[in-house]
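What follows is each chain in one-letter form.
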Amino acid sequence: MATMEECRSALEKLAENLAGADGDLRSAAALDRSVSCRITDLDVTFLGRLTDGRIEDVTAVPGLPSERAEIRLTMSGDDLVALVGGELHFARAWGSGRVKLEAGFRDLLRLRKLL
């Protein structure tokens, strides 16, 4: 089971990857939305803001947050680490239910380029 620190590191790596994207990927990430990543096995939710292709102001709260983010991911800590490390393919994980992504329809269309 991934630790809290491993999950935080994976999210920081994801933020770096988004910040370094260019072309179509950069435009897909150029949203201004609240984001959350719920880690089910640790019962923690990381909250942040996707702004101009970067994830900023990441904080962790126990359990479910009081407000729903505009873009919400849910998965285990091991799956987060594997996704960011390139060992788990997002579409397969999403299709099998290992990873859940909730967002508005337009955001989903833009995010599919990233994922």
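The rules we used
- Residues numbered from 1 in each chain as written.
- Predicted model: local features only at pLDDT ≥ 70, side-chain atom pairs only at ≥ 80, totals over all residues.
- Heavy atoms only, no water.
- Patch = residues over 30% accessible without salt bridge, like charges linked within 9 Å, V, L, I, M, F, W, Y side chains within 5 Å.
- Areas by Shrake-Rupley, 256 points an atom, 1.4 Å probe, with all protein chains shown as cover.
- Salt bridge = Lys/Arg side-chain N within 4 Å of Asp/Glu carboxyl O.
- Lys, Arg positive; Asp, Glu negative; His and termini not counted.
- Charge placed at Lys NZ, Arg CZ, Asp CG, Glu CD.
- Helix = DSSP H or I, 4+ residues; strand = E, 2+ residues; numbered from the N terminus.
- Buried < 20%, exposed > 50% of the residue type's maximum accessible area, 1.4 Å probe, protein only.
- Pairing = 2+ DSSP bridges.
- Axes fitted to C-alpha atoms, helices over the stretch in contact; angles between N-to-C directions.
- Polar contact = N/O pair within 3.5 Å; in protein donor to acceptor, adjacent residues only side chain to side chain.
- Contact = heavy atoms within 4.5 Å.

The name given to the protein chain in an unreviewed UniProt entry is SCP2 domain-containing protein, with Streptomyces sparsogenes DSM 40356 as the source organism.

Let's talk about a negative patch on the surface
Residues Glu5, Glu6, Glu12, Glu16 and Asp78 make up a contiguous surface patch of negative charge. Per element, the largest residue contribution to the negative patch is 4 residues, and it comes from helix 1 (residues 4–19). Topologically, Glu5 is positioned in helix 1. Residue classification places Glu5 among the exposed residues on the basis of a relative accessible area of 51%.

Re the pattern of salt bridges
The final tally for this structure, using the stated rule, is 7 salt bridges. Arg72 is the partner of Glu102 in a salt bridge, and the nearest nitrogen-oxygen pair spans 3.9 Å. With Glu102 in strand 5 (residues 100–102) and Arg72 in strand 4 (residues 71–75), this residue pair connects regions lying 30 residues apart in the sequence. A network of salt bridges, in which partner residues are shared, links Asp32, Arg49 and Glu70.

Some words on the sheet that holds strand 3 (residues 54–62)
Strand order in the open sheet formed by 5 strands is 3-2-1-4-5, with mixed pairing between adjacent strands. Strand pairing shows two members of the sheet lacking a second neighbour, strand 3 and strand 5, which therefore form its edges. Recorded for the sheet is a direction-independent mean angle of 15° between the axes of neighbouring strands. Bridge count for strand 4 against strand 5 is 3 bridges, and the pairing is antiparallel. Directly across from Thr74, in strand 5, lies its bridge partner Lys100.

Quick word on the side chain of Arg38
Within the fold, Arg38 resides in strand 1 (residues 32–39). For Arg38, a relative accessible area of 18% translates into the label buried. Here Asp43 takes part through its side chain, which lies 2.9 Å from a polar atom of the side chain of Arg38. Setting aside residues up to four positions removed in sequence, Arg38 forms contacts with Asp43, Val44, Thr45, Gly63, Leu64, Leu73, Thr74 and Met75.

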